[in-house]
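Listed below, chain by chain, are the residues.
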Amino acid sequence: MQKQFDDDGDNDDLDVKQFKVIFLGDGAVGKTSIIMRFTKDHFDPEQRYKQTIGLDFFLKQLQITEKLQVSLQCWDIGGQTIGQKMIKNYLRGSNAILFVYDITNQSSFQNLENWMTFVKEVFPESEKQPYMALIGNKTDLGYQRKVSVEEHSAFADKYGIRFFYMSARTGDNVLPAMIKVASDLADVKKPYVEIEREAMAASVATIQRDHETTIDGKTSDDIIASSSQPSKGNKESKSKDKKSGKEKCIIL
Ligand code: G3D
Ligand code: MG
C-alpha cells in the first residue's frame, strides 16, 4: 500500500497501481483512435496524432475506488505487424493485452487468431498469462457489421477472456470498458452498471509520452525504465505545488 501525505502530515492510505496495457490488432481497426479517445477524450478523423515512431504510449490515471488509483500505460504498436520482434519485446513486460478488431471488417477479426498465436509464443501456457480482452470497435457503423455478436463472444469464450464493444468515434463505451479493464487488473470487483455510472467522473489525468517532458526531473524514458516490470503497486511521486506549497501526488 502506497502512502500519500498531505501538508498536515496525515497519510491517506492511497493505493496506486500501474499497469502496462498493449493494444494489438490489424492496421486501421482503430487502436490509436481508442487510445486517444480514452486518454484524451478526443477523436481526430484526420489522424494528426499519427506516430512518427513505431511504439508509443499514453498514460491514463483512473480513480477506481476512494482509496485506489490505477494508471494504465497504453501502448500503441503503430504500424507494426504480427511477428515483429519489437512487439515481442514490449509484450514481455505487459500486464494486459487488448485484441482489437473492426466490426465491419471480417478479416481483422479472423486475424485475431494469428495475433493470439503470436501472443502465446511470447507467453507459453507454462508461464503466467497476462490479462486479455477482446474489443470490437466501430460500433457506430453497426449497419455495416460483418462480424456477428455470436462470433465475437465465441472467440472470447474460446480463450476465456472478457469482451467489449466500443466506438472510438463516438466515445461510446470506451471509458467504461477501460475502467473495467483497470478494475480487473487491480482485482477490484465492481458491477459494470456502477462503473458505467461513475465513468464520467473517473478520469483525472493524462500524461502523453514526450521526450522533452520531465516529471520530477524524470524523462518519459526514465518512467518506462522504472515501470517495465509487471507493475502492481508502482510508486507515486510527490512534488510541491509551486502556488500552494502543498505536496501533491503525480502518477507516473
Ligand atoms: P489503427 O491505429 O488500428 O491503425 P486508427 O487505426 O486509429 O488509425 O483508425 C483507422 C481508421 O478508422 C481511421 O480512419 C479512423 O478515423 C477510423 N476509426 C477509428 N475508430 C473508429 C470508430 O470507432 N468508428 C469509425 N467510424 N471510424 C473509426 P481513416 O479515414 O483515417 O482511415
Ligand atoms: Mg495506429
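It should be emphasised that the depicted structure is a prediction, and the values quoted were computed from it without experimental measurement. (Residues numbered from 1 in each chain as written. Chains lettered and ligands numbered in written order. Predicted model: local features only at pLDDT ≥ 70, side-chain atom pairs only at ≥ 80, totals over all residues.)

**Student:** Outline the overall build of the protein, listing residues and values.
**Tutor:** If you tally the helices and strands in the protein, you get eight helices and eleven strands. Considering the protein as a whole, with its 252 residues, one finds that 36% of them fall into the buried category. For the protein, restricting intrachain contacts to residue pairs at least 6 apart in sequence, the fraction spanning at least 24 positions comes to 68%. (Helix = DSSP H or I, 4+ residues; strand = E, 2+ residues; numbered from the N terminus. Buried ≥ 20, exposed ≤ 12 C-beta atoms within 10 Å, placed from the backbone. Contact = placed C-beta atoms within 7 Å.)

**Student:** I'd like a description of the pairing of strand β3 (residues 68-76), backed by residues and values.
**Tutor:** Consecutive residues of a regular strand have side chains that alternate between opposite faces of the sheet. In terms of burial, β3 is a largely internal element, eight of the nine residues being buried. In the sheet, strand β2 (residues 56-65) pairs with β3 via nine bridges, with the strands oriented antiparallel. Each residue of the ladder has a partner; that of Q63, found in β3, is Q69. Where β2 folds back on β3, the antiparallel hairpin that results is connected by two residues. (Pairing = 2+ DSSP bridges.)

**Student:** Talk me through unusual backbone geometry; I want residue IDs and the actual numbers.
**Tutor:** Within the chain, N173 stands out as a residue other than glycine whose phi angle is a positive 65°. As for its placement among the helices and strands, N173 is situated in the loop between β6 (162-166) and α6 (174-185). Despite not being glycine, D187 has its phi angle at roughly 60°, a positive value. In this structure, D187 sits in the loop between α6 and α7 (192-202). Overall, D187 belongs to the exposed group, with 8 C-beta atoms counted inside 10 Å.

**Student:** Would you mind going over the environment of V70 in detail, with residue names and values included?
**Tutor:** Turning to its location among the elements, V70 is positioned in strand β3. Measuring from C-alpha to C-alpha, the distance between V70 and F19 comes to 7.6 Å, with 51 residues separating the pair along the chain. Aside from chain neighbours lying at most four places away, what touches V70 is K17, F19, L62, I64, A182, L185 and A186.

**Student:** Outline the site of ligand 1, listing residues and values.
**Tutor:** Taken together, 16 residues lie around ligand 1, and G30, K31, T32, S33 and R169 are the ones closest in. In terms of residue count, the dominant contributor to the shell around ligand 1 is helix α1 (residues 31-40) (three residues). Classifying every residue of the shell around ligand 1 by side-chain character gives five nonpolar, seven polar and four charged. (Near = placed C-beta within 6 Å. Nonpolar A, V, L, I, M, F, W, Y, C, P; charged D, E, K, R; others polar.)

**Student:** Report on helix α4 (residues 112-122), specifying residues and quantitative values.
**Tutor:** When we look at burial in α4, the residues that qualify are L112, W115 and V119. One face of α4 carries all of its buried residues, which in axial projection span an arc of 55°. Exposed side of α4, more than 90 degrees from the buried face: T117 and E121 are the residues found there. Against β1 (15-24), α2 (85-92), β4 (96-102), α3 (106-110) and α5 (149-159) lie the buried residues of α4. (Arc of directions from axis to C-beta.)

**Student:** Help me get a handle on the nonpolar core, residues and values and all.
**Tutor:** F23 and L98 are the most contacted members of the largest nonpolar core, which totals 49 residues. If you tally residues by element for this core, the top one is α6, at eight residues. Those residues in contact with F23, other than ones at most four positions away along the chain, are K31, I34, I35, C74, W75, D76, I77, L98 and V100. (Core = buried A, V, L, I, M, F, W, Y, C linked by C-beta atoms within 7 Å.)

**Student:** Got a sec to walk through the environment of L112? Specific residues and values, please.
**Tutor:** Its location among the elements puts L112 in helix α4. For L112, a count of 22 C-beta atoms within 10 Å corresponds to the buried category. Once the C-alpha coordinates of L112 and L134 are considered, the two residues, 22 residues apart in sequence, prove to be 9.2 Å apart. Beyond its immediate chain neighbours, meaning those up to four positions away, L112 contacts G25, F99, Y101 and F155.

**Student:** Just give me the short version of the environment of S167, but keep the residues and values in it.
**Tutor:** Tracing the backbone through its elements, the reader meets S167 in the loop between β6 and α6. Given 22 C-beta atoms within a 10 Å radius, S167 is considered buried. When the C-alpha atoms of S167 and R37 are compared, they prove to be 9.2 Å apart, with 130 residues separating the residues in sequence.

**Student:** For α1, give the residues involved together with the corresponding values.
**Tutor:** The buried fraction of α1 amounts to nine of the ten residues, a majority that puts the element mostly inside the structure. All of the buried residues along α1 are K31, T32, S33, I34, I35, M36, R37, F38 and T39.

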